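Overview (structure and organization)
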Amino acid sequence: MRKTKTHFAFFCVLTLFCISAGMAHPITPTMIVERSLDSSIFGVAMAAVQCTMFLFAPFWGKLCEYIPTRTIITVCVFGYSIGQIIFGSAYSEAMVIGGRMFAGVFTSGVYTAFSNYTINTSPDAVLRGKNLTIYLTISSVGDAVGYFVGGMLGLISIETTFTVQVSLLILAAILFFIFCSDDTEMKAKPTEKLRFGNVNPFAALLSAKDFLTPMLILIFALVALGAMGQFAFEQVFNYYLKDQMGLSSAYNGIFKAIIAIVGLIANSTICMWMLKKTDINRSFIWIVFGCTLPLGLILFFEKWLIPFAAMDILFFAVNTVRTPLLQNMAAGRARPETSNRVMGFYQSMTSLGAITGSLFAGLIYDTNEKSPFYFAFLVFVLSCLIAMIYLSKYKKEK
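This report concerns the structure included in the present document. In this text, all values refer to a predicted model and were calculated from it rather than measured experimentally.

So, the layout of surface pockets
One number sums up the size of the largest pocket: a volume of about 380 Å³. Taken together, 18 residues line the largest pocket, and the ones lying closest to its centre are Ala125, Arg128, Gly129, Leu275 and Asn328. Counting residues per element, the lining of the largest pocket draws most heavily on helix 6 (residues 125–154), at 5 residues. Residue composition of the lining of the largest pocket, grouped by class: 8 nonpolar, 5 polar and 5 charged.

Spelled out as structure tokens, the structure:
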């Protein structure tokens with residue numbers, strides 16, 4: 001019963017955090033235009049945050065073995081709020097990049113710790129799969145709701161959105177520490193004492209060789225490619241609405257609100273059914289195909305708002321199913337003593353893909369505003385090929 005209460009409280013505060021975390025995204029294009037920043041900054045800024053997330057996620061994953069996960073969550077949410085203060089105050093490209101990189105150091109810890117806390121407090125594989133799906137559903141839906149709230153607040157002012165966001169992040173940090181339990185006794189104890197060499201971000205990244213297997217490499221390739229395509233598409237879609245269609249931040253918010261509803265339904269039905277009734281190592285490939293299809297179709301609709309937005313909603317609805325399945329596949333191949341580091345490396349691969357996707361989308365947008373859409377589609381075509389290779393090897397393994 002105690003674990004159920006712990007998960008319920010954790011998921012409630014997680015919802016608050018995810019809503020607040022998503023609030024700045026829909027106003028970023030407006031911020032770039034109003035403060036006369038270079039158009040490429042919409043992709044460069046996201047690449048900056050993902051760069052430090054890539055470097056520091058294994059560090060936080062290693063630290064999770066030694067320190068109560070709730071402590072890491074609390075510290076990192078506070079650090080993230082400071083990064084958002086810097087970002088919201090930025091009137092130059094350098095300050096935007098600096099603020100985003102600072103936030104990335106702590107954001108990597110937040111999401112690595114969330115996954116580890118969910119896994120550590122789930123006593124068996126069935127509950128782990130269920131709780132990971134709930135966590136990632138809240139993450140996707142909460143982020144989408146945050147888009148809507150942030151988009152509406154952006155109609156008042158950019159400063160209003162950042163003020164509300166930072167206030168909610170600080171509140172979430174305090175509530176996480178109060179309501180999360182100490183998971184020290186629920187995770188494998190490290191055999192050696194904590195040393196600087198253990199938590200050096202670069203050393204932590206290189207330590208992946210201790211747990212990587214050929215099948216995990218394929219899973220992490222799918223993670224990186226999925227994030228690359230997703231972030232390239234998401235960043236250009238948000239900016240395209242403002243730059244090419246002249247729409248306000250409210251439209252980004254409305255589209256994300258619809259995605260929140262559709263995504264919640266998809267994860268509550270399709271994802272849960274796949275986890276319970278199918279072997280996700282086999283059925284996952286259909287979700288990759290489902291993400292690729294709308295990215296291909298949207299290339300024909302960039303001048304028509306309704307079908308253009310419909311393909312965006314369809315992609316992210318299917319994508320909300322893709323991420324829980326992938327994380328379950330990775331967690332299922334981790335040993336108890338490497339679970340925390342596997343989740344840290346998972347977050348790093350997500351960030352690596354996001355760096356490449358966001359940066360590339362920002363840099364090629366000025367040459368042709370449609371190029372990032374083609375790039376996202378081709379990346380997911382490559383994901384389909386990797387998924388087929390994984391399935392083939394899995395069948396031989398079985």
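Some details on empty space enclosed by the protein
Scanning the entire structure with this criterion turns up 7 cavities of 30 Å³ or more. Forming the walls of the largest cavity are 37 residues, and the residues nearest its centre are Tyr111, Ser139, Asp143, Gln230 and Phe231. Those elements giving two or more residues to the lining of the largest cavity turn out to be helix 1 (2–21), helix 3 (41–63), helix 5 (93–120), helix 6, helix 10 (214–243), helix 11 (249–277), helix 13 (305–332) and helix 14 (339–365). The element contributing the most residues to the lining of the largest cavity is helix 6, with 7 residues. Taken together, the residues that form the lining of the largest cavity break down as 17 nonpolar, 15 polar and 5 charged.

Some remarks on the nonpolar core
Counting residues in each nonpolar core, the largest one holds 107 residues, and the members touching the most others are Phe10, Leu14, Phe17, Phe114, Phe176, Phe220 and Phe233. With 18 residues, helix 10 is the single largest residue contributor to this core. Apart from the residues within four sequence positions on either side, Phe220 is in contact with Phe211, Leu212, Val342, Phe345, Tyr346 and Met349. Ranked by size, the runner-up nonpolar core spans 13 residues in total, among them Ile41, Ala45, Phe87 and Ile158.

A few points about the packing of helix 12 (residues 280–297) against helix 13
In contact at an axis separation of 9 Å, helix 12 and helix 13 are set at 155 degrees when each is read in the N-to-C sense. With respect to helix 13, the axis of helix 12 lies roughly antiparallel. Crossing angle aside, the handedness with which helix 12 passes helix 13 is left-handed. When helix 12 is examined against helix 13, the residues Ile280, Asn281, Phe284, Ile287, Gly290, Cys291, Pro294, Leu295 and Leu297 are found in contact with a partner set consisting of Met311, Leu314, Phe315, Val318, Asn319, Val321, Arg322, Leu325, Leu326, Asn328 and Met329. Per-class residue counts for the contact of helix 12 with helix 13 are 15 nonpolar, 4 polar and 1 charged.

As for the pattern of salt bridges
For the structure shown, the criterion picks out 4 salt bridges. Put simply, Arg35 and Glu159 hold a salt bridge, and the shortest N to O gap is 3.1 Å. Residue Arg35 is located in the loop between helix 2 (28–34) and helix 3, and its partner Glu159 is located in helix 7 (residues 158–179); the two are separated by 124 residues in the primary sequence. Residue Arg35 is classed as buried on the basis of its relative accessible area of 10%. Note that Glu397 and Arg333 form a salt bridge whose closest N and O atoms lie 2.8 Å from each other. Here Glu397, found in helix 15 (residues 371–397), pairs with Arg333, found in the loop between helix 13 and helix 14; they are 64 residues apart in sequence, far enough to count as distant. What makes Arg333 partly exposed here is its relative accessible area of 25%.

Considering the environment of Met46
Position of Met46 among the secondary structure elements: in helix 3. Along the chain, Met46 and Gln235 lie 189 residues apart, while their C-alpha atoms are 8.2 Å from each other. For Met46, the contacting residues outside a window of four places in its chain are His25, Phe231, Gln235 and Ser358.

Procedures and definitions
- Residues numbered from 1 in each chain as written.
- Predicted model: local features only at pLDDT ≥ 70, side-chain atom pairs only at ≥ 80, totals over all residues.
- Heavy atoms only, no water.
- 1 Å grid on protein atoms, 1.4 Å probe; cavity = no way out; pocket = protein on both sides within 12 Å on 5 of 7 lines; lining within 4 Å.
- Points joined across faces, edges and corners; volume = space filled by probe spheres on them.
- Helix = DSSP H or I, 4+ residues; strand = E, 2+ residues; numbered from the N terminus.
- Nonpolar A, V, L, I, M, F, W, Y, C, P; charged D, E, K, R; others polar.
- Core = buried A, V, L, I, M, F, W, Y, C linked by side-chain atoms within 4.5 Å.
- Buried < 20%, exposed > 50% of the residue type's maximum accessible area, 1.4 Å probe, protein only.
- Contact = heavy atoms within 4.5 Å.
- Axes fitted to C-alpha atoms, helices over the stretch in contact; angles between N-to-C directions.
- Parallel < 35°, antiparallel > 145°, perpendicular 65-115°, else oblique.
- Left-handed = near helix turned anticlockwise from the far one by under 90°.
- Salt bridge = Lys/Arg side-chain N within 4 Å of Asp/Glu carboxyl O.

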